[in-house]
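# Structural characterization, general
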Amino acid sequence: MKEKVVKTMKIILHFLILLGVVSGRKTPLLKGLPAASTVEENTAAGVSVYDFNVTVSPLSSEGVAILPTIVNSNPLTEAFDIESKGGLEYRVVTTGNPVLDYETMPKSFDLHIFVEDRTGRTDLNILTIRVTDKNEHPVFRGNMAIQTLMIYVLEGTRPECIYQVDAADPENAKLKYSLLPATVPFLITESGAIFSTKEFDYEKDPHCYFLNVTVTDLDGLNSTKTVNINIININDESPYFTTKQRIYRIPEEQSPGTIVANITAKDPDDEGSPSRLFYSIQSSDRYFSINPSTGVLQVTRRIDRDALPLQLHPNISLIVQVEDSPSNGHASEMEITIIIDDINDNPPECSPSTFRKEVYENTAPGTFLIDLRNYCKDIDVDPSNNQFNFTGLSGFGSNNFTLDSTVSGRLVMTGTIDLENPANPGIEVYTLTVRVQDIAHPNYSNIIYIYIRIKPVNEFFPVFSTLSYVFNVSEITKVGSSIGSVHAIDKDWPPSIITYSIVAGGGTRDYTNIFWISPSKGDVRILARLDYETTQKHIFIVQASDREKFTTASVTVNVLEVNDEEPVCSPNFYSFQIPVSLAVGTNINGFRIECQDRDSDPRSFRYFINEGNENNHFTFSPTAGSNTSRLILASQFDYESGFDTSWIYNLRVYITDDNLLSVRDKTTHLIETGTVTLSIRVIPNPTTTITTTPGFTVVTRRENLYSALAWYVPFVVTLGSLLLLGLLGFLGFLLVTWVRTCCPPAGKAHRTPLINAPEKKKPKKDVVVTMTKLNTIFDGEARDPVTGRMYEFDTRSGARRWKKSNEPLKPMLAGQVKPSATDNSGQGTDRAEAASKKEPSEKRKELTAATKPATKPSADQDGMRLQKQKEESEGRGLSSVAPQGRN
């Protein structure tokens, strides 16, 4: 790969030099060029092909800047190079890479020679070199070209062609073949085919011939190779067995490799020399094998006389074959018989070898358990080898069992076993061993294992540790907690598994079972919350069972009283409005809370505001010792100095039942807490102005500078901008279509504002308020800080009206409110904008003003409406406007 890269770079350099020559100055510097010359093929490297000189200008006394160089050749080749002869004389020589070949390479090459002197003058001329042909020696091809050829001929083969010589002349001239020495029984034809001239006999003729094969062209050039011809002997006589014995007898269980017989044979073709014979067993046999060279017959695997098929047919017949060649030779066969004799090689076997028997405790002595002879046998074929008896009964507790006789193998009980008897070691399983042994030598034996399991009899009832259990449990014990446990025992051995269960009681009006007992451990747990105020005592019956017998016990659970009920107050949520000028100490809107606790005294309550009481404007009176308390304004509001900033107070009131506890008892007793949430809106003075904050815009300008040659930059930028604008336009069209579909324009309000708000510079925003129907109850009253008149209001919805003694209460209606330029806090505008963002589905839900009560008004709008009401006639009723309330 590296050579290819260098070659490519060299070609590119030559091309650039040619390009410079064509476009630059050209002055005759190469003397003797252009010219033509010849070179003979196969010329060695470094042979001179042509000489030439370089003439330089008198001004270029220092010689040439670029030596004469072959910058190109046609066709391309690296077979030539330029060498210096000294001074300004040069010659073109062969490189030997590649070697010139007239038959396979181009016949002519045009070499482009370039030179440049110190003054910058250049010259480029062509030297044409023609390759001339040269007569070459003929060459052998195929196997004869690379090695000495070995030819094998079988004796007795008729005269025939034994090999075809493959040779060629580089000039494609006609070739002549000859064979030496001439006395050999072989000849070669004009086409190069070698024939045998006789039928060879291995025993009479030489076994090997050496031939010199010569190939000559028309000019007398020749090449010679040697051919080695070997005569192969063939076998034409069959071997015969020299072993006379045909029957052999061996005992079974011979180890592999045991020699049974030595089979011998001879081959008439090998008289006077050791025979090269091959032995094999032709019949299908898996017990024996024969050495293919020596004829030794051996045992190859275990021979078991007591297993099929030898158990029925102990004679094995083998067909032994001898050959004088591994394949396609002459062969002879002989049948031999091997008789397998039985030996005492198997111990008595019992199936199964392990016996398991179950016997109930207190079984009577003399009871028959098992007959071992029915399960044991000896597989030896000869009757003298398969007789056995039973001996050696042993094992822990074997004194409780015995064998009737050594021949029968009958196992019987000799004593009584009682598992609960203190004298009994408590063993449930007895392990016995019996030896079964051959009578004949070498007296093989086996061990039989007998496991006698004594099955217990359930004789006793379970007994609880006590007939009645009493558990004292706190009523605040968590569901799932353990409150105690019951325990029963069973005198049976082994100890029975006792299962516990609740069979009666343990339920209430709301729950069928509020207790659970662990079936295995007797652990009692509660499934539902205990309540002392509902039930002080629970009684239920538990049962202990060993699956056959059972007993019962009673369980009494005394519920202990604990302060676990939290105070419950009414109302637990309340919302109302108060004027900013409300006097300190006022019971706010007459509000009070009343609390109850099922397990605490009414004097145990304490009241405190935990969250939302900014600057401590609110408090309760009394703060403790009563089940009722009133909300009091503790300090005056101060918004003008900035001390107060919040107009809405969300108070979270905590009521605890620890008022009657000492400081020490509070650390140990359980304390419960109730909560009440209050929402209070402070109504500000309506004379406020809006503060406007001017804004500014920062414009950043960027200028892209690029080269004038980079013509594609503006094209790419323009094309990208057009595509981006098209995409943005399409997305805008989709957005407008979606908005028109999902957000139809809201209808205009039909009511007129209560006051005329001054014009504002920014566009007006129509606010649509979603109304919720409420039951309007005017449960509060306050004084208008502008007119000084009293008005009534609903603390939940915010509806209000002028207070008249002879006018019945009416629900106030909702209307449309526009933002006022006089609002100094900006809250009205924010609320309007928030309300305008409501979904179209909410806007379509608006009800008419005659059927919908108003939501709670904002503080700024309250003052504006009161100002409008002052200007209207006092005979007209004040229409309530739904303010932009909290969403």
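Residues numbered from 1 in each chain as written. Predicted model: local features only at pLDDT ≥ 70, side-chain atom pairs only at ≥ 80, totals over all residues. Heavy atoms only, no water.

Moving on to the confidence of the model for the protein chain. On average, residues of the protein chain score 79 in pLDDT, and 79% of them reach the 70 mark or higher. Between the elements of the protein chain, mean pLDDT differs from a low of 36, seen in helix 4 (residues 827–836), to a high of 95, seen in strand 42 (residues 523–526). Here residues 747–774 scores under 50 on pLDDT; set against residues more than four positions off or in separate chains, the count is 60 contacts. (pLDDT = per-residue confidence, 0-100. Helix = DSSP H or I, 4+ residues; strand = E, 2+ residues; numbered from the N terminus. Contact = heavy atoms within 4.5 Å.)

To continue, consider the state of the cysteines. Scanning the entire structure with this criterion turns up two disulfides. In this model Cys350 forms its disulfide with Cys376; the gap between the sulfur atoms is 1.8 Å. On the sign convention where negative is left-handed, the bridge of Cys350 and Cys376, at about 105 degrees about the S-S bond, is right-handed. Residue Cys350 is located in strand 27 (residues 349–350), and its partner Cys376 is located in strand 30 (residues 376–377); the two are separated by 26 residues in the primary sequence. Two residues, Cys569 and Cys595, share a disulfide whose sulfurs are 2.0 Å apart. Taking the torsion about the S-S bond as the criterion, the Cys569 to Cys595 disulfide, at about 100 degrees, is right-handed. Residue Cys569 is located in strand 45 (residues 568–570), and its partner Cys595 is located in strand 47 (residues 587–596); the two are separated by 26 residues in the primary sequence. Relative accessible area serves as the criterion here: at 10%, Cys569 is assigned to the buried category. With a relative accessible area of 1%, Cys595 lands in the buried category. (Disulfide = S-S within 2.5 Å. Buried < 20%, exposed > 50% of the residue type's maximum accessible area, 1.4 Å probe, protein only.)

With that settled, the discussion passes to unusual backbone geometry. Going from Leu33 to Pro34, the amide bond is cis rather than trans, its omega being 0 degrees. Secondary-structure assignment places Pro34 in the loop between strand 1 (30–31) and strand 2 (35–40). Cis geometry is found at the peptide bond from His441 to Pro442, where omega equals 10 degrees. By the element assignment, Pro442 lies in the loop between strand 34 (429–438) and strand 35 (445–455). The backbone of Glu253 sits at a positive phi, close to 65 degrees, despite the residue not being glycine. Tracing the backbone through its elements, the reader meets Glu253 in the loop between strand 19 (247–251) and strand 20 (259–262). In this structure, Asn615 is a non-glycine residue whose phi angle is positive, near 60 degrees. On the secondary structure map, Asn615 appears in the loop between strand 48 (606–611) and strand 49 (618–621).

Summed over all chains, the structure comprises 22 aromatic pairs. Judged by centre distance (5.4 Å) and plane angle (75 degrees), the rings of Phe186 and Tyr209 are edge-to-face. Of this pair, Phe186 sits in strand 14 (residues 186–188) while Tyr209 sits in strand 16 (residues 208–216); the two residues are 23 residues apart in sequence, bridging distant segments of the chain. Of the residues examined, Phe186 reaches a relative accessible area of 6% and is grouped as buried. On the numbers, 6.4 Å between centres and 25 degrees between planes, the contact of Tyr607 with Phe620 is stacked. (Phe/Tyr/Trp six-rings, centres within 6.5 Å; stacked < 30°, edge-to-face > 60°.)

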